[in-house]
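Architecture and fold: a report
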Amino acid sequence: MIIQFEQDIKDAQKEAIINRVKGLKYKPTEVKTQKGDYLVGTGKKDFDIRSIGSMDGIKDIHIVSDDFKLVSRKWKVNPTIIDLGDGIVIEEGGFQIMAGPCSIEGEDQIRKTIAHLKEQGITIMRGGVYKPRSSPYSFRGLGIEGLRLWYELAKEAGMKIITEVMQVSQIAEMDPYVDIYQVGARNTQNFNLLDELGKNTDKPVMIKRGISGTIDELLSSAEYVFSGGNERLLLCERGIRTYEKATRNTMDLNAVAVLKEKTHLPVIADPSHGIGIRNHVEAIALASIMAGADGVIFESHEKPEEAYSDGQQTLNFAESNRLIDRMRKTFELRKSF
């Protein structure tokens, strides 16, 4: 069950509610976030919800059978809205685009990418300063100094940034320079990292689906962050590993539609990693919009063939311009249905 406390609940009222939950043989866990104060009760015994719902101090109560409770759509009627400030919002019913290089490479690249994105009205730039690479000999990012430089240039341009955090020790130093944290596919079940992103930041967190992860496992990962105290969450479908070798990953468009049904969190699609082939990124991006995605994140670079990483799935600026235009037209088409 999920109990939402009244904002002005008294300590005695809260204690009485917790004792009642314990009396039902449910384990109570209190969760405080930026937006609310909740009590999550886990147990198997059936009971009449009215026996608790009428108690003083309770704003709302719901029975949620899913293992992932706080991120479930079964209890939260209104979808989560991620407000980044300056009029930049990610929400159901809207459509947000995030674009930029796989890796932040230097000041000239940052400035050229910002200019390209601003020309297209894009307000969120993606990029990596800490790069998890399969080979230890590949470029692994510019680190915190690169992040500081990027953040200052983006801030001057009125642009927000999303970048990957890889370990707990990076959160504190990154926090002043990040608008959205990204948890990559390799870290989706790094539960220590997820816990800390719940407890020690109020910045939004986008969690990518694990390389071989199920939809429910992705939702459970989000539950870690929410239960830690941060409910500003986004979910990202980025393709999964299957037996297919013709593409880098298998983009699971089913997941976009299913996640929209299961959770109140915004759902973002990543076609660049989803298929991993530059020529097909556009088709997968447009399909994900029709499947219901609230946004798309993709990789763009002035000269992909010279990119430090993932050039094979990265669009050049001309291709990026065309995709942005077609995504906006596709979103308008979806709204007309």
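Residues numbered from 1 in each chain as written. Predicted model: local features only at pLDDT ≥ 70, side-chain atom pairs only at ≥ 80, totals over all residues. Heavy atoms only, no water.

**Focus: the overall build of the protein**
Of regular secondary structure, the protein possesses 11 helices and 14 strands. For 337 residues, the compact-globule formula gives about 20 Å, and the C-alpha radius of gyration of the protein, at 21 Å, lands near that figure. Reported as C-alpha extents along the three principal axes, the dimensions of the protein are approximately 65 × 40 × 40 Å. Per-residue burial for the protein yields a buried fraction of 57% across its 337 residues. Counting only contacts in the protein whose residues sit at least 6 apart along the sequence, the fraction spanning at least 24 positions is 69%. Total accessible area computed for the protein in this model is approximately 15,100 Å², and 46% of it derives from carbon and sulfur atoms. The positive charge centre, built from 46 side chains, and the negative charge centre, built from 49, are 3 Å apart in the protein. (Helix = DSSP H or I, 4+ residues; strand = E, 2+ residues; numbered from the N terminus. Rg over C-alpha atoms; globule rule 2.2 N^0.38 Å. Buried < 20%, exposed > 50% of the residue type's maximum accessible area, 1.4 Å probe, protein only. Contact = heavy atoms within 4.5 Å. Areas by Shrake-Rupley, 256 points an atom, 1.4 Å probe, with all protein chains shown as cover. Lys, Arg positive; Asp, Glu negative; His and termini not counted. Charge placed at Lys NZ, Arg CZ, Asp CG, Glu CD.)

**Overview of the sheet that holds strand S11 (residues 205-208)**
Spatially, the eight strands close up into a barrel ordered S7-S8-S9-S10-S11-S12-S13-S14, and their pairing is parallel. Each strand of the sheet is rotated relative to its neighbour by a mean of 25°, with strand direction disregarded. Note: strand S7 (residues 96-100) against strand S14 (residues 295-299), five bridges, orientation parallel. Bridged to isoleucine 97 within S14 is valine 296. Helix H4 (residues 143-156) rests against strand S8 (124-126) and strand S9 (160-164) of the sheet, and its axis sits at about 160° to S9. Here helix H11 (residues 317-335) sits on the sheet in contact with S7 and S14, set at roughly 170° to S14. (Pairing = 2+ DSSP bridges. Axes fitted to C-alpha atoms, helices over the stretch in contact; angles between N-to-C directions.)

**Quick look at the layout of surface pockets**
As a volume, the second largest pocket reaches approximately 220 Å³. Lining of the second largest pocket is provided by 13 residues; of these, Val40, Thr42, Asp67, Glu223 and Ser227 occupy positions nearest its centre. Counting residues per element, the ones that place at least two in the lining of the second largest pocket are strand S2 (27-32), strand S3 (37-42) and helix H7 (215-228). A breakdown of the residues in the lining of the second largest pocket according to their chemical character gives five nonpolar, four polar and four charged. (1 Å grid on protein atoms, 1.4 Å probe; cavity = no way out; pocket = protein on both sides within 12 Å on 5 of 7 lines; lining within 4 Å. Points joined across faces, edges and corners; volume = space filled by probe spheres on them. Nonpolar A, V, L, I, M, F, W, Y, C, P; charged D, E, K, R; others polar.)

**Description of the side chain of threonine 314**
In this fold, threonine 314 is placed in the loop between S14 and H11. A distance of 2.7 Å separates a polar side-chain atom of threonine 314 from the backbone oxygen of aspartate 310. Not counting chain neighbours up to four residues away, the residues in contact with threonine 314 comprise Arg278, Glu299, Ser300, His301, Pro304, Ser309 and Glu319. (Polar contact = N/O pair within 3.5 Å; in protein donor to acceptor, adjacent residues only side chain to side chain.)

**Concerning the environment of serine 54**
One can find serine 54 in the loop between helix H2 (50-53) and strand S4 (58-62). Placed 265 residues apart in sequence, serine 54 and glutamate 319 show a C-alpha to C-alpha distance of 58 Å. There is a polar contact of 3.4 Å between the side chain of serine 54 and the backbone oxygen of arginine 50.

**Description of empty space enclosed by the protein**
By the definition in use, this model includes one cavity of 30 Å³ or more. In this structure, the largest cavity encloses a volume near 40 Å³. Lining of the largest cavity is provided by Cys102, Arg126, Gly127, Gly128, Lys131, Ile162, Thr163, Glu164 and Gln182. Top contributing element to the lining of the largest cavity by residue count: S9, with three residues. Its residues placed into classes, the lining of the largest cavity shows two nonpolar, four polar and three charged.

**Re the packing of helix H10 (residues 278-290) against H11**
Contact geometry of H10 with H11 gives a least axis separation of 9 Å together with a crossing angle of 20°. Classified by the angle between their axes, H10 and H11 sit roughly parallel to one another. In this structure, H10 meets H11 at a crossing whose hand is right-handed. Only Glu319, Arg322, Leu323, Arg326, Met327, Thr330, Phe331 and Arg334 of H11 make contact with H10, whose side of the interface consists of Arg278, Val281, Glu282, Ala285, Leu286, Ile289 and Met290. For the contact of H10 with H11, the per-class residue count stands at eight nonpolar, one polar and six charged. (Parallel < 35°, antiparallel > 145°, perpendicular 65-115°, else oblique. Left-handed = near helix turned anticlockwise from the far one by under 90°.)

**Considering unusual backbone geometry**
Of note in the backbone geometry, lysine 25 takes a positive phi value of approximately 65° without being a glycine. We note that aspartate 310 has phi near 60°; this positive angle belongs to a residue other than glycine. Considering the arrangement of structural elements, one finds aspartate 310 in the loop between S14 and H11.

**Digging into the pairing of strand S10 (residues 180-183)**
Residues Ile180 and Gln182 point to one face of S10 and Tyr181 and Val183 to the other, with burial holding for every one of them. As paired strands, S9 and S10 are joined by three bridges and run parallel to one another. Across the sheet, residue threonine 163 finds its bridge partner in S10, namely tyrosine 181. Both S10 and S11 contribute to a ladder of three bridges, which runs parallel.

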